[in-house]
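Close look at the chain arrangement
Letter by letter, the chains look like this.
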Amino acid sequence: MRQPLPLGRSDFIALRHDGCIYVDKTRMIFNICRDSSKVFISRPRRFGKTLLVSTFESLFRNGIRDFKGLAIETLWTDKTYKVVRLDFSEIKDYSSEADFLSKFYDQLLRKFRQAGFDYEEKNGLFMGQVSAWLSSLPPSSLVILIDEYDAPLTASLDDLELFDRIRSAMSAFFQVLKSNEGCLRFFFMTGITKYRQTSIFSEFNFFDDISLNRAYGTLIGYTEEEIKNYFSYYLNEAKLQLELDEDEIVDQLRKNYDGFSFDQEAATHVFCPW
């Protein structure tokens, strides 16, 4: 049966609502949520990190409402949570430290306010109030999802002094999260890379880095088997239009989209979905 291709789709709920092809990764998603509470993963751009973050958001906010027919539907028994979802790629365009801070704090305020945080300007520093609010929450009651944490840092790589100031501001935020980790049911963060020589990761060094974990090497991207399974309608159409057999088509896909391995043993590989 023909399903719409998920071209450029990064919103899980909308993708499912529109009946687009969704390559089911939810058994791995369940394992992550079961085995870890604070997780980091790095992948290149255009690989599907934002869709993965959106999937976690739907799961923790709405339960299995949008997961009908997927593997996790029969596995998930957890409740729903308040979710704070941050996208730091929205604040990668700034002209100065002050401009960055304005955009950074604005996003934090908007997103944390949706979860119940109320900032009172007359009562002191913003980060102090965020910390006080987090410390008031019940244990394991909040989910925080951060997409492309490193986008603001990458944007200032040509100005090391500005880079260091941006790093310091972000480190202060991560320190607040670290100091109040007891309120977190789940924390998930994506990025392009890890700035190991900055204090961001030393301030927030208590999460599991699954970037090269073989168990999750195929979490983002498509395996050849998944392409043959989920995109069979389009493979058959291509066979007719291009007058090639399936092996020839898959070989062309392999040449253009394959070659990525994200486990330390290089035992698995995936096709880039973009």
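Residues numbered from 1 in each chain as written. Predicted model: local features only at pLDDT ≥ 70, side-chain atom pairs only at ≥ 80, totals over all residues. Heavy atoms only, no water.

**What to know about the overall build of the protein**
- Looking only at helices and strands, the protein features 11 helices and 5 strands.
- For the protein, the C-alpha radius of gyration of 20 Å lies close to 19 Å, the compact-globule estimate for 274 residues.
- Expressed as lengths along the three principal axes of its C-alpha atoms, the size of the protein is roughly 70 × 45 × 35 Å.
- Going through the 274 residues of the protein one by one, you find that 48% of them count as buried.
- The long-range share in the protein, meaning contacts at least 24 apart out of those at least 6 apart in sequence, stands at 71%.
- In the structure as shown, the protein presents an accessible area of about 13,700 Å², 47% of it carried by carbon and sulfur atoms.
- The positive charge centre, built from 34 side chains, and the negative charge centre, built from 41, are 4 Å apart in the protein. (Helix = DSSP H or I, 4+ residues; strand = E, 2+ residues; numbered from the N terminus. Rg over C-alpha atoms; globule rule 2.2 N^0.38 Å. Buried < 20%, exposed > 50% of the residue type's maximum accessible area, 1.4 Å probe, protein only. Contact = heavy atoms within 4.5 Å. Areas by Shrake-Rupley, 256 points an atom, 1.4 Å probe, with all protein chains shown as cover. Lys, Arg positive; Asp, Glu negative; His and termini not counted. Charge placed at Lys NZ, Arg CZ, Asp CG, Glu CD.)

**Here we look at the nonpolar core**
- Grouped together as the largest cluster of nonpolar side chains are 38 residues, with contacts concentrated most on Phe88, Phe112, Leu134, Ile146, Phe173 and Phe174.
- Counting residues per element, the ones that place at least two in this core are β2 (82-87), α4 (97-114), α5 (126-136), β3 (142-147), α7 (160-179) and β4 (184-191).
- It is α7 that provides the largest number of residues to this core, a total of 9 residues.
- Formed by 35 residues, the second largest nonpolar core is a distinct cluster that contains Met28, Leu70, Phe188 and Cys272. (Core = buried A, V, L, I, M, F, W, Y, C linked by side-chain atoms within 4.5 Å.)

**A closer look at α7**
- Across its 20 residues, α7 extends 28 Å between first and last C-alpha, which sits within 8% of the 28 Å expected from 1.5 Å per residue.
- Those residues of α7 that sit buried are Leu162, Phe163, Ile166, Arg167, Ala169, Met170, Ser171, Phe173, Phe174, Val176 and Leu177. (Expected span 1.5 Å × (residues − 1).)

**Digging into the pattern of salt bridges**
- On inspection of all chains with the given rule, the structure shows 18 salt bridges.
- For Lys103, the salt bridge goes to Asp99, with nearest N and O atoms at 3.6 Å. Note that Lys103 and Asp99 are positioned in helix α4 at a spacing of 4 residues, about one turn of the helix.
- A residue is classified by how much of its surface remains accessible, and Asp99, at 22% relative accessible area, is partly exposed.
- Glu224 serves as the salt-bridge partner of Arg254, at 3.0 Å between the closest nitrogen and oxygen. Of this pair, Arg254 sits in helix α11 (residues 246-257) while Glu224 is found in helix α9 (residues 224-230), placing the two residues 30 residues apart along the sequence.
- A residue is classified by how much of its surface remains accessible, and Glu224, at 17% relative accessible area, is buried.
- Beyond isolated ion pairs, a larger network of salt bridges with shared partners links Glu224, Lys228, Asp251, Arg254 and Lys255. (Salt bridge = Lys/Arg side-chain N within 4 Å of Asp/Glu carboxyl O.)

**Quick word on the side chain of Ser54**
- Along the polypeptide, Ser54 turns up in helix α3 (residues 49-62).
- For Ser54, a relative accessible area of 3% puts it in the buried group.
- Reaching out from Ser54, the side chain makes a polar contact with the backbone nitrogen of Phe12 at a distance of 2.9 Å.
- Every residue in contact with Ser54, bar those within four places of it in the chain, is listed here: Ser10, Asp11, Phe12 and Arg85. (Polar contact = N/O pair within 3.5 Å; in protein donor to acceptor, adjacent residues only side chain to side chain.)

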